[in-house]
Amino acid sequence: MMRQFELVELVRSYDPNADEGALNRAYVFSMKAHGAQLRASGDPYFSHPVEVAGILAQMKLDCASIITGLLHDTVEDTVATLDDINRVFGPEIARLVDGVTKLSRIELQSDQTKQAENFRKLVLAMSEDIRVLLVKLADRLHNIRTLRFITNDEKRRRIARETMEIYAPLAERLGMQRMKDELEDLAFAELQPDARNSIAARLEFLRDQGATLVPRIEAELQRVLRDGGLAGASVAGREKTPCSIWRKMQRKSVAFEQLSDVMAFRVLVDNVGDCYHALGLIHSAYHVVPGRFKDYISTPKPNNYRSLHTGVIGPERQRIEIQIRTRDMHEVAEFGVAAHWSYKQGVGNTEGPQYRWLRELLDILDHASGPEEFLEHTKLEMFQDQVFCFTPKGDLIALPRGATAVDFAYAVHSEIGDTCVGAKINGRLLPLRTVLGNGDQVEIITSKAQRPSPTWERFVVTGKARARIRRFIRTQQRAQYLDLGKAIVQKAFRQEGCEFSERPLEAVLKTFNCAAIEDLYVAVGQGLVTGRAVVAAVFPQRQDRAKVVSLARARRKAGHTDTAVAIRGLIPGMALHFAGCCHPLPGDRIVGIVTTGKGVTIHTIDCETLENFADTPERWLDVAWSNNDGETAHVGRLNVMIANEPGNLGSLTTVIGKQGGNITNLKITNRSTDFFEMMLDIEVADVKHLTTIIAALRANPVINSVERARG
Ligand code: MN
């Protein structure tokens, strides 16, 4: 295990301005927090964060990253809290530690290989600071290095799979070749032990066969370059990793024996000009393997990898792969974003570090060109605009940023979207309009009685949800207008003393520009055509007798079910709506008022507002409640007066709650030293329910008066 002073020395070797005191404090803080905890290896747990910090220091990361490495498991695994860390180390470190902790938590949620791509995006999206991701990668690297100590087979394989599918590709995307190779090979050894062993044995055999092959080729290449005037070039040969050989065998479905280029050589030179010079020397000395030349210097990879690649039949007539690059490019190729970071960090740089990572990434992305790179580019940008949530089963659902529980429900299944009534987000019951965050676990609660609500349209952000809701509203509206229009036409016939029949309507469809009788009903329902106009068109010879229907008569008639329209599918904001003046409830005697283009407004029969419509009897419509309406809640309004004393308001709400009423709105309309007058909106099933609540309130001594609001 690295000692405290060794770690500090290492950091100071590349960053003389590192905060030595903070490093020491973090070392001690972590040691105390982890106390006597042990790793599976039997080592003190504390050795793990120290090793992680060491890996980060080898990558020459900034002091804050090293401190985060030391503290990264304290919040999750010890009694230390984020507040403690904030107090001792400040907000920047607290934010970084929090980021790593969150990443570790979501890791436990999903174990499905097919979701690897989504999961990688989730990890990227959650790493709001690239240093969070770098610490996480170092954490993972140390864990996989010590994987063999874990005795639980399933756990070992899970960690290996995650590493292979999520962390190694992330390291690659960040251009950290060395980290990627090690993660991948250690995971490969766990997942495919037989394949790895046989490849390793085969490599061993080849090594024995030509024990001096790699050094001989190295020396030969070195000579070619020196003779050509590149004395400063260095050549290093290496075998490829078992995992990359395995990949190649899978990709090209060739046997190991046919894989000749298991050796790769790297030529490092001082500048870009020398790269092309070296390439020229090698191409003139050896046969070039066609199709293997790639110029990643003029066109770098999206992760900023720059190099020349070529394949030749080299010395000893071996097929070999050669990479040529400058030493700077090499540093970036090995350490990726991390190298980039330490380069530009610069001593005495006073710019805030928090947005630098973003610039670095953008810098990398700026180099992207070509359709493939562009796709990569767009993908990475998209992560920032997405949130990733889990179903209770652990499936990942990707949604645009700002998406709500309703969007989630529709993304899972249209049927679930159509019938959702609520959502449990991370175990808490929350409204459907709740905006989801990365890593949220969302359980949608459905009810067969539920139908899409027009109000949802105001907050959903996904196209799928919006389209479904709109389509539903359109069909529902049309059905309602149709029923309503038919009832109005029938009533108009009756008022004129005529027998109603659909047949004569056929003849007048053209007059109203309608293609079918149903369209005519819809037009009448929408208030675009009046019932009397239809009757007049059917019987043009009849005089248009003005019918005077008195207010009294309308009121007397209202509620007669034989002529009433059954109100079905009470969906607010649609063809039918309820008057805000009198708040009709099921059980109330009601009357409908037709408003052009808006459909029908339902009032209670004794609502004062109805006086305004006394002169327009043709707008009155007899309506009644349908029987199957128990599912929907209705809002009743009460005016209440209570004494202004402590606890009275509490008694009021307790009484209502006990009766199963749900207060949706409360407004103090008048406040004196002695009394509160207030207006309460309460969700109830029907008028009987409201009456019960009123009775219960009146029975309570602290409540002075209760009246239902009328108009
Ligand atoms: Mn850890």
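Residues numbered from 1 in each chain as written. Predicted model: local features only at pLDDT ≥ 70, side-chain atom pairs only at ≥ 80, totals over all residues. Heavy atoms only, no water.

Participant: Please provide a residue-by-residue account of the sheet that holds strand β11 (residues 442-446), values included.
Facilitator: The antiparallel open sheet is built from three strands, whose spatial order is β10-β9-β11. Here the strands that pair on one side only, and so sit at the sheet edges, are β10 (428-430) and β11. Within this sheet the neighbouring strands show an average axis-to-axis angle of 30 degrees, counted without direction. Of the strand pairs in this sheet, strand β9 (residues 420-425) and β11 are connected by five bridges, and their pairing is antiparallel. Its bridge partner being in β11, Ile425 is matched across the sheet by Val442. This element, helix α20 (residues 405-412), spans β9 and β11 of the sheet and lies at about 85 degrees to β11. (Pairing = 2+ DSSP bridges. Helix = DSSP H or I, 4+ residues; strand = E, 2+ residues; numbered from the N terminus. Axes fitted to C-alpha atoms, helices over the stretch in contact; angles between N-to-C directions. Contact = heavy atoms within 4.5 Å.)

Participant: Residue-level account of the coordination of the manganese ion, with values.
Facilitator: Summarising the metal site, the manganese ion is bound by the protein donors His48 (NE2), His72 (NE2), Asp73 (OD) and Asp139 (OD), whose distances to it range over 2.1 to 2.3 Å. For the manganese ion, the single-chain donor residues occur in sequence as H-x23-H-D-x65-D. With Asp73 in the loop between α4 (63-71) and α5 (74-77) and Asp139 in helix α9 (residues 130-145), this residue pair connects regions lying 66 residues apart in the sequence. The pair formed by Asp73 and Asp139 is uniform in burial state, with each residue classed as buried. (Donors = N, O, S within 2.8 Å, 3.2 Å for Na, K, Ca; no water. Buried < 20%, exposed > 50% of the residue type's maximum accessible area, 1.4 Å probe, protein only.)

Participant: Please provide a residue-by-residue account of the pattern of salt bridges, values included.
Facilitator: The final tally for this structure, using the stated rule, is 24 salt bridges. Residues Arg470 and Glu457 are paired through a salt bridge, measuring 2.6 Å at the closest nitrogen-oxygen approach. Placement of Arg470 in helix α22 (residues 463-495) and of Glu457 in the loop between β11 and α22 is noted, with a sequence separation of 13 residues between them. With relative accessibility at 21%, the residue Glu457 sits in the partly exposed group. When salt bridges that share partners are traced, they join Asp62, Glu92 and Arg131 into one network. (Salt bridge = Lys/Arg side-chain N within 4 Å of Asp/Glu carboxyl O.)

Participant: Tell me about the sheet that holds strand β18 (residues 662-671), and please be specific about residues and values.
Facilitator: Spatially, the four strands line up as an open sheet ordered β18-β19-β17-β20, and their pairing is antiparallel. With partners counted over all chains shown, the strands left at the sheet margins are β18 and β20 (703-708), one partner each. Put simply, the sheet's adjacent strands are angled 25 degrees from each other on average, direction ignored. Taken together, the five bridges between strand β17 (residues 634-643) and β20 define a ladder with antiparallel strand orientation. Opposite Leu638, over in β20, you have Arg708 as the bridge partner. Set on the sheet, helix α28 (residues 687-698) makes contact with β17, β19 (675-684) and β20; between it and β20 the angle comes to about 165 degrees.

Participant: Any details on the packing of aromatic side chains? Residues and values, ideally.
Facilitator: Considering all chains together, one arrives at six aromatic pairs under this definition. Seen from their ring centres, Tyr27 and Phe46 are 5.0 Å apart, and the 90 degrees between their planes marks the pair as edge-to-face. Remark: Phe46 occurs in the loop between α2 (20-34) and α3 (47-58) and Tyr27 occurs in helix α2; sequence separation between them is 19 residues. Residue class for Tyr27 comes out buried when judged on its relative accessible area of 6%. (Phe/Tyr/Trp six-rings, centres within 6.5 Å; stacked < 30°, edge-to-face > 60°.)

Participant: Explain the pairing of strand β8 (residues 396-400) to me, using residue names and the numbers behind them.
Facilitator: Pairing of strand β7 (residues 386-390) with β8, which is carried by five bridges, proceeds in the antiparallel orientation. In the strand pairing of β8, Phe390 is matched with Leu396. Counted along the chain from β7 to the antiparallel partner β8, the turn is five residues long, and its residue Gly394 has a positive phi close to 100 degrees.

Participant: Tell me about the nonpolar core, and name the residues and values.
Facilitator: With 64 residues, the main nonpolar core has Ile67, Leu71, Ile85, Leu137 and Leu183 as its most contacted residues. Ranked by the residues each element gives to this core, the list is headed by α9, at nine residues. Apart from residues lying up to four places away in sequence, Ile67 is in contact with Ala22, Leu23, Ala26, Phe89 and Ile93. Core analysis: the second largest hydrophobic core is formed by 30 residues, Ile517, Val522, Ala523 and Val534 among them. (Core = buried A, V, L, I, M, F, W, Y, C linked by side-chain atoms within 4.5 Å.)

Participant: Talk me through unusual backbone geometry; I want residue IDs and the actual numbers.
Facilitator: Residue Asn513 is not a glycine yet carries a positive backbone phi of 60 degrees. Under the relative-accessibility criterion, Asn513 is labelled exposed at 73%. Notably, His583 is not glycine yet its phi reads approximately 45 degrees, a positive angle. In this fold, His583 is placed in the loop between β13 (576-578) and β14 (590-595). For His583, a relative accessible area of 12% puts it in the buried group.

Participant: Describe the side chain of His142, and please don't skip the residues or the numbers.
Facilitator: Examined against the element boundaries, His142 turns out to sit in helix α9. The exposure class of His142 is buried, given its relative accessible area of 9%.

The quantities given are spatial measurements derived from coordinates; they are silent on function.
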